[in-house]
Protein chains: 2
Amino acid sequence: MRMEDSTLRQAYVLGVGMTRFGKHLDRSMKALAAEAIDLALADAALGRDALEAAYVGNAVQGLITGQECVRGQVVLREHGIGGIPIVNVENACASASTALHLAWRAVAGGFEDCVLALGMEKLFHPDKRKVFAAFSGAIDVEILEAFRQMLARGAGEPAPATADGNGGGQRSLFMDVYAAAARHHMEAYGTRREHFAAIAAKNSWHGSLNPRAQYQQARTVEEVLASPVVADPLTRLMCSPIGDGAAAAVVVSPDFLVARSRRAEAAPRPVRIAASVLGSGWDRGAGESGVVAEVARRAYEAAGIGPADVDVAEVHDATAPAELMLYEDLGFCAEGDGKRLVESGATRLGGRRPVNTSGGLIAKGHPVGATGIAQIVELVDQLRGRAGKRQVEGARVALAQNAGGAVRAEPAAIAVHLLTI
Amino acid sequence: MRMEDSTLRQAYVLGVGMTRFGKHLDRSMKALAAEAIDLALADAALGRDALEAAYVGNAVQGLITGQECVRGQVVLREHGIGGIPIVNVENACASASTALHLAWRAVAGGFEDCVLALGMEKLFHPDKRKVFAAFSGAIDVEILEAFRQMLARGAGEPAPATADGNGGGQRSLFMDVYAAAARHHMEAYGTRREHFAAIAAKNSWHGSLNPRAQYQQARTVEEVLASPVVADPLTRLMCSPIGDGAAAAVVVSPDFLVARSRRAEAAPRPVRIAASVLGSGWDRGAGESGVVAEVARRAYEAAGIGPADVDVAEVHDATAPAELMLYEDLGFCAEGDGKRLVESGATRLGGRRPVNTSGGLIAKGHPVGATGIAQIVELVDQLRGRAGKRQVEGARVALAQNAGGAVRAEPAAIAVHLLTI
């Protein structure tokens, strides 16, 4: 975007940590955040006093607990971190990747040498109405009803009003958005329910290998198809669940690494942020690519690598059809070829380019404001060769894609990060 | 903070705009934001397509309207701005200055050449409970009750439960915080109610000269003292009111200015951001300065100027006593000497260093998420010599100080900006 040649510095992820995702009604946001921060600092072999700034992503705590403001300061101060610049950022389900983007900018732009990126969310609440009000708050609330009607018209008939994966007889409006997009893809490219189910089954299998995943039960394609319909063609097991959790990353500069190396301190292997690109939706003309493809294109260009170089990816599978469409947007296959990529098994563990080895949003869980950094946690583990049963052998290039909110027909925020080791 | 010599670029405010602050029940956030953006772009002589990114500050819209997420995207897309990185930031009453800080970083760090900083808030709502819940959300909500009790103990007796400036028999907990600090200052330094009242009267006079101010009626010291007590020693006319409004600034790089100059386009005089510093509260030891003084010190150092160089300032007078204490924190006088500075008349229009020529939060109004950039609007007008009846002759150096939220005894966020022309 800028006019002169880049003078940006490199930036590295030096430590990552996250809580197990799940239902944590008995644990406060402070406790969840503290666990993630401590794990990330321990991973980086750093103390809290090394942190020069903090970028904190959260989406909906205001509507859930009433903590509408200074969410980062409240959890950080309780954990002995203060006196530094603290920026609270929100981009719906892409809040944490936006926090990471700001952390990258802080280091790459030369403002700080060691910063914290934190994502956190508590969605479970005894009053489920609060949870669904929070989800509605990620779409223009002035046009919610018109939006519902538009989706229903697009479907030819009203979507069935069944319970979603979280019970309670309600579902997020986003499920209707995803269902409409899935139906469009089926009509345009002959994609079938079985392809979506195969992705959900894959992610449940990956999740069964991940001790931090909310769901650790591998499901078959048949089980996925037989689970209750949320909004045709989505079944409950194709949808990400409600969850609580936190994830953190410590981002540092080359100068920081050099200074540390001079002091001969033990340190883990840094993972380079090869690209960090944020974008937002727009009304594009015919023939123009969508916002995800455009943001991915910019990220590949910034990093000087292409989709073929990616060894492992975490993508925003809020629903299984979304993952299939993301294969196409991210250049892992041609437009309309998502179904063939599923059939090839390339995106399963053991395949050529495993996707969502963590279990993805579907199995690992989706505490929305934590998701973008949880993706980074998995990818750093993969690049460092410590992903255990989920390890992608020889992984050297990783991609994370995170999406948030919706304005009109496009996501409100899209972030793509490329990591290399 | 960083280890190597700075390679940051300069950054300039090229255009500013704001709505009148006030009660805008009939106008949506979209309409208010659009007005501020259009004014800022017109001031910069730029079109919307020049914007490469947007940083949007808002504090409490989630609790007021339910628009908990993607607040920036919702108003920008409606106004024909999308497809660019959009970051929603929140730091309570310092949300807009935090957005400006990120805009400055975007340009100074070399990420973008022309960006928008937007602050916006609608606080008025037919249901006043929503407004007060929103204010409580800027303090750790888990300890609200304990906090109330601590304040009451500090006062020796419970603060009187009178109506605040907005009626309704309720008041923000922040008024108790400010009252406790004011009582402490009175005991420690012999400051009197009359000093606070003189500041409120001054700001009401300044506001009477500002067409964008919520209150445009000049008040006397006697009127201020005679208005209803909110929390001793605060009277209603010493407190900032509830308000709605939006303010915007366009920030550009030197490269952008050079390119424009080559095209021989007409352009307004750029105002340099000489320093932009963000900080947060901390538990400091005896003898250590508070967070405002520390952030101001860093800003003066970054800009290479001192408090004596400041010609005009906008400071966070959420209450009149806060402004008096800020004189001391910002180095406009020695600790404890705030009362003498008030008596000297130096901070009134016509004095040596006028403060809150806009009317400040007390008279101009305080739509919290817009305030930090509204301060910049006033200061840019002053530095460009177009402040009309409020003009500070020959102003070349300006300071803005904005504060937000509270964790324990200190503000959660503090921002200080220094501007020069």
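The residue numbers shown here count from 1 along each chain, following its written sequence. In the order they appear in the text, chains get letters beginning with A and ligands get numbers beginning with 1. Per-residue local features are limited, in this predicted model, to residues with pLDDT of at least 70; the limit for side-chain atom pairs, both in listing and counting, is 80 or more; totals at the level of whole chains, interfaces and linings are taken over all residues. By convention in this description, side-chain values take in all heavy atoms of the structure and omit both hydrogens and water.

This part takes up the overall build of chain A. A tally of regular secondary structure across chain A gives 15 helices and 11 strands. C-alpha atoms of chain A, sized along the principal axes, occupy 65 × 45 × 45 Å. Here the contacts in chain A between residues at least 6 apart in sequence split such that 77% fall between residues at least 24 apart. A 1.4 Å probe and the Shrake-Rupley method give the accessible areas. Residues count as covered only by the protein chains that appear here. Surface accessibility of chain A: about 13900 Å² in total, with carbon and sulfur atoms responsible for 52%. Lys and Arg are tallied as positive, Asp and Glu as negative. Neither His nor the chain termini are counted. Charge positions come from single atoms, namely NZ of Lys, CZ of Arg, CG of Asp or CD of Glu. Here chain A contributes 44 positively and 47 negatively charged side chains, and the mean placements of these two sets differ by 4 Å. Helix and strand assignments follow DSSP, with helices taken as H or I runs no shorter than four residues and strands as E runs no shorter than two, numbered in order from the N terminus. The criterion used for residue contact is that any of the two residues' heavy atoms lie within 4.5 Å.

The next thing to look at is unusual backbone geometry. In this structure, the amide linkage connecting Asp232 of chain A to the following residue, Pro233 of chain A, adopts the cis form with an omega of 10 degrees. Mapped onto the elements of the fold, Pro233 of chain A is located in the loop between strand E5 (229-231) and strand E6 (234-235). One non-glycine residue, Ala92 of chain A, lies in the positive phi region at around 55 degrees. Assignment of secondary structure puts Ala92 of chain A in the loop between strand E3 (86-90) and helix H4 (95-108). A relative accessible area of 1% places Ala92 of chain A in the buried class. For Val70 of chain B, which is not a glycine, the phi torsion comes out positive at approximately 40 degrees. Mapped onto the fold, Val70 of chain B is located in the loop between helix H2 (61-65) and helix H3 (71-78). A simple rule labels every residue: compare its accessible area, found with a 1.4 Å probe on the protein chains alone, to the largest value its type can have, and call it buried under 20%, exposed over 50%, or partly exposed in between.

Reports often express the size of an interface as the amount of accessible area lost when the parts come together. At the junction of the two partners, chain A supplies 72 residues and chain B supplies 73 residues. Here the quantity called buried area is the total loss of accessible area, with a 1.4 Å probe, experienced by two parts when brought into contact, counted for both. Between chain A and chain B lies a buried interface of about 6100 Å² when both sides are counted; carbon and sulfur atoms form 53% of it. When the area that chain A buries against chain B is broken down by residue, the three leading residues are Glu68, Arg77 and Phe111 of chain A, summing to 14%. Counted as salt bridges are all cases of a side-chain nitrogen of Lys or Arg within 4 Å of a carboxyl oxygen of Asp or Glu. For the pair chain A and chain B, the number of links is 8 salt bridges. The shortest N-O distance in the salt bridge between Asp140 of chain B and Lys30 of chain A comes to 2.6 Å. Polar contacts, as used here, are pairs of N or O atoms within 3.5 Å; protein pairs need one atom able to donate a hydrogen and one able to accept it. Residues neighboring in sequence count only if both atoms are side-chain atoms. Here chain A is connected to chain B by 46 residue pairs in polar contact (both at pLDDT 80 or more). Broken down by secondary-structure element, the contributors of at least two residues to the side of chain A that touches chain B are helix H2 (61-65), helix H3 (71-78), E3, H4, helix H10 (254-262), strand E8 (271-279), strand E10 (397-407) and strand E11 (410-420) of chain A.

If you look at the biggest cluster of nonpolar residues, it comprises 88 residues, and the most contacted ones within it are Tyr55 and Leu419 of chain A together with Tyr55 and Leu419 of chain B. Nonpolar cores were defined as sets of buried Ala, Val, Leu, Ile, Met, Phe, Trp, Tyr and Cys residues, with membership established by side-chain atoms within 4.5 Å. In this structure, Val70 and Ala179 of chain A together with Leu63 and Phe135 of chain B belong to the second largest nonpolar core, which totals 72 residues.

Superposing copies: least-squares fit, C-alpha atoms only, residues required to have pLDDT of at least 70 in both. Each copy superposes on the other: chain A lies on chain B with an RMSD of 0.0 Å after a rotation of 180 degrees and an axial shift of 0.0 Å. Within this description, the copies of the chain are treated as partners about a two-fold rotation axis. A shared binding surface is used by both copies, with 100% of the interface residues of chain A retained as interface residues in chain B.

The next point concerns the state of the cysteines. Note that a disulfide, as used here, is simply two cysteine sulfur atoms within 2.5 Å. Evaluated as defined, the whole model comprises 0 disulfides over all chains. Here Cys239 of chain A stays free of any disulfide, with the sulfur of Cys93 of chain A as its closest cysteine sulfur at 13 Å. For Cys239 of chain A, a relative accessible area of 7% corresponds to the buried category. Here Cys69 of chain B is not cross-linked by a disulfide; its sulfur's nearest cysteine counterpart is in Cys93 of chain A, at 7.4 Å.

Residues and elements named next belong to chain B. Where helix H8 (residues 193-208) meets helix H12 (residues 320-329), the axes come as close as 8 Å, and the angle between the chain directions of the two elements is 100 degrees. Classified by the interaxial angle, the pair formed by H8 and H12 is roughly perpendicular. Every residue of H12 that contacts H8 at His195, Phe196, Ile199, Ala200, Lys202 and Asn203 is listed here: Ala320, Pro321, Glu323, Leu324 and Tyr327. In this classification, Asp, Glu, Lys and Arg are treated as charged, Ala, Val, Leu, Ile, Met, Phe, Trp, Tyr, Cys and Pro as nonpolar, and every other residue, Gly included, as polar. Residues that form the contact of H8 with H12 fall into these classes: 7 nonpolar, 2 polar and 2 charged. Every angle, taken between N-to-C directions, lies between 0 and 180 degrees, and every axis is a line fitted to C-alpha atoms, over only the stretch in contact when it is a helix. Should an angle lie under 35 degrees it is considered roughly parallel, over 145 roughly antiparallel, and from 65 to 115 roughly perpendicular; all remaining angles are considered oblique.

Here we come to empty space enclosed by the protein. We place a 1 Å grid over just the protein atoms. Points where a 1.4 Å probe fits but has no way out form a cavity, open points with protein on both sides within 12 Å along at least 5 of 7 lines form a pocket, and any residue with an atom within 4 Å of a point lines it. Grid points are joined across faces, edges and corners, and a volume is the space filled by probe spheres set on the points. Tallied over the full model, the rule gives 4 cavities of 30 Å³ or more. By volume, the largest cavity is sized at about 160 Å³. Mapped onto the lining of the largest cavity, the elements with two or more residues apiece are H3 and E3 of chain A together with strand E2 (53-57) and strand E3 (86-90) of chain B. Among the residues forming the lining of the largest cavity, the class breakdown is 6 nonpolar, 6 polar and 6 charged. Taken as a whole, the second largest cavity holds about 50 Å³ of empty space. Around the second largest cavity, the lining residues are Tyr55, Leu102, Arg105, Ala106 and Phe111 of chain A together with Tyr55, Leu102, Arg105 and Phe111 of chain B. Secondary-structure elements contributing two or more residues to the lining of the second largest cavity are H4 of chain A together with helix H4 (95-108) of chain B. With 3 residues, the single largest contributor to the lining of the second largest cavity is H4 of chain A. For the lining of the second largest cavity, the class distribution of residues is 7 nonpolar, no polar and 2 charged.

A separate point is the packing of aromatic side chains. Stacked, tilted and edge-to-face are the three classes assigned to paired rings of Phe, Tyr and Trp, where Trp is represented by its six-membered ring and a pair needs centres within 6.5 Å; plane angles under 30 degrees give stacked, over 60 edge-to-face, the rest tilted. Inspection of every chain in the model, using the stated rule, returns 4 aromatic pairs over all chains. The interplanar angle of 65 degrees and the centroid separation of 5.4 Å between the aromatic rings of Trp104 of chain A and Phe111 of chain B together place this pair among those described as edge-to-face. With Trp104 of chain A in helix H4 and Phe111 of chain B in the loop between H4 and strand E4 (114-122), this pair bridges two chains. A residue is classified by how much of its surface remains accessible, and Phe111 of chain B, at 8% relative accessible area, is buried. Look at Phe132 of chain B and Phe135 of chain B: their rings are 6.1 Å apart centre to centre, the planes differ by 80 degrees, and that puts the pair in the edge-to-face class.

The next point concerns the pattern of salt bridges. Within this structure, the stated rule accounts for 50 salt bridges over all chains. A salt bridge links Asp255 of chain A to Arg9 of chain A; its shortest N-O distance comes to 2.5 Å. One end of the pair, Asp255 of chain A, is in helix H10; the other, Arg9 of chain A, is in the segment before strand E1 (12-18), and 246 residues separate them in sequence. Taking the relative accessible area as the measure of exposure, Arg9 of chain A reaches 13% and is therefore buried. A salt bridge links Arg390 of chain B to Glu378 of chain B, with the nearest nitrogen and oxygen atoms 2.9 Å apart. Placement of Arg390 of chain B in the loop between helix H15 (368-383) and strand E10 (397-407) and of Glu378 of chain B in helix H15 is noted, with a sequence separation of 12 residues between them. Each of Asp43, Arg212, Asp381, Arg384 and Arg386 of chain A takes part in a single network of salt bridges with overlapping partners.

Within a regular beta strand, the side chains point alternately toward one face of the sheet and then the other, so they alternate between its two faces. Residue and element names in this part refer to chain B. With respect to burial, strand E7 (residues 244-252) is a largely interior element, 9 of its 9 residues being buried. Covered by surrounding structure in E7 are Asp244, Ala246, Ala248, Val250 and Val252 together with Gly245, Ala247, Ala249 and Val251, the residues of both alternating faces. As paired elements, strand E1 (residues 12-18) and E7 share 6 bridges and run antiparallel to each other. Across the sheet, Val16 pairs through a bridge with Ala249, a residue of E7. Pairing between strands requires that DSSP locate at least two bridges from one strand to the other. With 9 bridges connecting them, E4 and E7 associate as antiparallel partners. Bridge pairing links Val115 to Val251 in E7.

Residues and elements named next belong to chain B. Over its 17 residues, helix H7 (residues 173-189) runs 25 Å from end to end, which matches the ideal 24 Å to within 8%, given 1.5 Å per residue. All of the buried residues in H7 are Leu173, Phe174, Met175, Asp176, Tyr178, Ala179, Ala182, Arg183, His185 and Met186. Just downstream of H7, Gly190 is the residue with a positive phi angle, here 75 degrees. Helices are assigned an expected span. That span is 1.5 Å times one less than the residue count.

This paragraph deals with the confidence of the model for chain A. Residues and elements named next belong to chain A. Every residue carries a pLDDT, the predictor's confidence in it, which falls somewhere between 0 and 100. Residues with a pLDDT of 70 or more make up 92% of chain A, whose mean pLDDT is 91. Below a pLDDT of 50 lies the segment residues 1-5, which in the model reaches 15 contacts outside its immediate sequence neighbourhood of four places, other chains included. Within the model, pLDDT remains below 50 along residues 155-169, and this stretch shows 33 contacts once partners closer than five positions in the same chain are excluded. Scoring of the predicted complex yields 0.94 for pTM and 0.94 for ipTM.

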